[in-house]
Amino acid sequence: MKRTVAGRFAGIERSATVALFEMVQTLRKQGRPILDLGGGEPDFATADHIVAAATGALEQGATHYTPSRGVPALLEAIGEKLRTENGIVLNPATDVVVTPSAKHALFIALMTILDPGDELVIPTPSWVSYSSMAHLVGARPVSAPLKAADGFRITRRALEAAVTARTKAILVNTPNNPTGRVLSAEEARTVLSFAVEHDLFIVADEIYEKILFDGAEHISLGALPGAAERTLTVNGFSKAYAMTGWRLGWVSGPTDVIREVLKAQEHTVSCASGFVQAGGVAALTRGADAVREMVQEYGARRKLVVDGLNALPGVTCSAPEGAFYAFADIRGTRLPDAEAFAAWVLAETGVALTPGTAFGPGGEGHVRLSFATSREVIGEALDRIGAALAASG
Ligand code: PMP
Ligand code: GLU
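Below you will find a few notes about this structure.

About the thresholds
- Residues numbered from 1 in each chain as written.
- Chains lettered and ligands numbered in written order.
- Predicted model: local features only at pLDDT ≥ 70, side-chain atom pairs only at ≥ 80, totals over all residues.
- Heavy atoms only, no water.
- Helix = DSSP H or I, 4+ residues; strand = E, 2+ residues; numbered from the N terminus.
- Rg over C-alpha atoms; globule rule 2.2 N^0.38 Å.
- Buried < 20%, exposed > 50% of the residue type's maximum accessible area, 1.4 Å probe, protein only.
- Contact = heavy atoms within 4.5 Å.
- Areas by Shrake-Rupley, 256 points an atom, 1.4 Å probe, with all protein chains shown as cover.
- Expected span 1.5 Å × (residues − 1).
- Arc of directions from axis to C-beta.
- Phe/Tyr/Trp six-rings, centres within 6.5 Å; stacked < 30°, edge-to-face > 60°.
- Salt bridge = Lys/Arg side-chain N within 4 Å of Asp/Glu carboxyl O.
- Near = heavy atom within 4 Å.
- Polar contact = N/O pair within 3.5 Å; in protein donor to acceptor, adjacent residues only side chain to side chain.
- Pairing = 2+ DSSP bridges.
- Axes fitted to C-alpha atoms, helices over the stretch in contact; angles between N-to-C directions.
- Parallel < 35°, antiparallel > 145°, perpendicular 65-115°, else oblique.
- Nonpolar A, V, L, I, M, F, W, Y, C, P; charged D, E, K, R; others polar.

## Some points on the overall build of the chain
Scanning the chain for helices and strands turns up twelve helices and twelve strands. The C-alpha radius of gyration of the chain comes to 21 Å, within 12% of the 21 Å expected for a compact globule of 393 residues. On the principal axes, the C-alpha backbone points of the chain span a range of 60 × 55 × 55 Å. Counting the 393 residues in the chain, one finds 57% classified as buried. By sequence separation, contacts in the chain at least 24 residues apart represent 75% of the contacts at least 6 residues apart. Accessible area for the chain stands at about 16,800 Å²; split by element, carbon and sulfur atoms hold 54% of it.

Here's what the structure looks like:
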């Protein structure tokens, strides 16, 4: 029968993170007081001056299509940001496409560089959508599992084990969702030399670059000598500026590749909304104070969550260097299986966590706790889990 969906959906599940987010809303509607440590969504409101820039733009008539690659003011602001903060020097008029979300930026970037049958190496644990996006463009995601015992460090050995003649690109996320790891200079060199030797594209997802702790430093792979010609850098406003609902991101890279990315953008969404882009300009040019305050608060929550986790029997957690996730090792508990543990915690305590297996091979025996939520919720959630573990002891 012809009434079947395309075969490319065979390897695809619903997004585990989005599905969990929706499940929390449903359980709350049913009257269950759920504490949500599942979703990676900042609980802060977008800064007032960013909102004012967008509403002002709306009032002044920014209700039309914009140029597909983005409004000139935002492209300029992104070019300046990449140069001064990331060491990436490019021409924003030709080498950047502003997209409705970093998700769309990643999707059209992968669509542009991957042919059906091509392979994308993804060090895992990794954010849930990369492998599904690869499937959606007809390519094959190949996991390079990293070891918990090694602190989820990217090693040449892990990458080489994943490479084949069909490998076309490697995708690296730093700071990392879910592990909280920040790429070291040595790992960055490993990724680049691996990409050069196998002649691969690098896709760098830097959406958490501003959320760093204890002096950790962000490295942009695209800024390394010799990397620019093969690197597509993706970023967005959701996490740093608490702008998840605005749906705004961008992708930058070599002129000849971005020319094709622009076609994918034009034939799918045309452009990001004009008034949303006005908010983006305000964020990039005048958003630093708001970011600093939020990162300071994430730092306090991180301590709370890491100390709390390490005090639980059978649970260990190293402090994340960046992003707002704690990736806890639960193998010492009575329920070392991540999905069973997360389901048990939700049923017993009403606390929503994400099982590490949602993030691919390497995530077994771990659960992800998002600390993009208040200290009160984090404290109460850890108390409830502690009590449940003690009672089941
Ligand atoms: N990359 C990573 C690693 C993420 O965690 C997210 C969060 N959804 C995204 C990209 C996409 O962000 P957005 O689409 O909200 O810009
Ligand atoms: N990126 C966040 C997370 O990992 C938000 C949900 C999503 O888009 O996946 O929880």
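## Here's the deal with helix α8 (residues 255–266)
End to end, α8 covers 16 Å across twelve residues, agreeing with the expected 16 Å (1.5 Å per residue, within 8%). For α8, the full list of buried residues reads V257, I258, V261, L262, A264 and Q265. Projection of α8 onto a plane perpendicular to its axis shows the buried side chains occupying an angular sector of 160°, all on one side. Its buried side turned inward, α8 meets β2 (96–99), α4 (102–113), β6 (201–205), β7 (231–236) and β8 (249–252).

## Regarding the packing of aromatic side chains
Under the definition given, this model contains twelve aromatic pairs. Ring geometry for F324 and Y325: centres 5.1 Å apart, planes at 65°, overall edge-to-face. A connected cluster of aromatic rings, assembled from ring pairs, spans F44, Y208, Y298, F324 and Y325.

## Some points on the pattern of salt bridges
Going through the model one piece at a time under the given rule, you end up with 24 salt bridges. Measuring nitrogen to oxygen at the nearest pair gives 3.1 Å for the salt bridge that ties D43 to R301. In this pair, D43 sits in the loop between β1 (35–36) and α2 (48–59) while R301 sits in helix α10 (residues 288–310), placing the two residues 258 residues apart along the sequence. The exposure class assigned to D43 is partly exposed, which follows from its relative accessible area of 38%. A salt bridge links E297 to R301, with the nearest nitrogen and oxygen atoms 3.1 Å apart. Here the residue E297 and the residue R301 both occupy positions in helix α10, the gap between them amounting to four residues, near one helical turn. The burial state of E297 is the same as that of R301; both residues are buried.

## Focus: the site of ligand 2
Around ligand 2, a shell composed of T17, G39, G40, K103, W127, N177, Y208, K239, Y325 and R368 is seen. Here W127 contributes a side-chain N or O atom positioned 2.9 Å from an oxygen atom of ligand 2. Note that an oxygen atom of ligand 2 is positioned 2.7 Å from one of the side-chain N or O atoms of R368. Contact with the protein chains hides 85% of the accessible area of ligand 2, taken as 280 Å² for the molecule alone.

## Thoughts on the environment of V276
If you trace the backbone, V276 turns up in helix α9 (residues 274–286). Taking the C-alpha atoms as reference points, V276 and I219, 57 residues apart in sequence, are found 28 Å from one another.

## Here's the deal with the sheet that holds β7
The mixed open sheet is built from seven strands, whose spatial order is β2-β8-β7-β6-β5-β3-β4. Each edge of the open sheet is held by one strand with a lone partner, namely β2 and β4 (140–145). Mean inter-strand twist for the sheet, computed between neighbouring axes without regard to direction, equals 20°. In this sheet, strand β5 (residues 167–173) lies alongside strand β3 (residues 119–124) in parallel orientation, the contact comprising three bridges. The partner of E119 across the bridge, within β5, is T167. Strand contacts of helix α7 (residues 185–197): β5 and β6, with the helix running at about 165° to β5, the strand carrying the most contacts. Lying over the sheet, α8 contacts β2, β6, β7 and β8, oriented at roughly 25° with respect to β2.

## As for the packing of helix α11 (residues 338–349) against helix α12 (residues 375–392)
It is the contact of α11 with α12, at a shortest axis distance of 10 Å, that shows an interaxial angle of 100°. On the basis of their axis angle, the class for α11 and α12 is roughly perpendicular. Contact with α11, carried on its side by F341, W344, V345, E348 and T349, involves R384, I385, A388, L389 and S392 of α12 and no other residues of that element. Partitioning the contact of α11 with α12 into residue classes produces six nonpolar, two polar and two charged.

## Describing the site of ligand 1
Taken together, 13 residues lie around ligand 1, and D205, Y208, S238, K239 and R247 are the ones closest in. Here an oxygen atom of ligand 1 sits 2.8 Å away from a polar atom, N or O, in the main chain of A102. Here a nitrogen atom of ligand 1 sits 3.5 Å away from a polar atom, N or O, in the side chain of K239. Here ligand 1 loses 93% of its free accessible area of 390 Å² to cover by the protein chains. When its residues are assigned to classes, the shell around ligand 1 shows five nonpolar, four polar and four charged.

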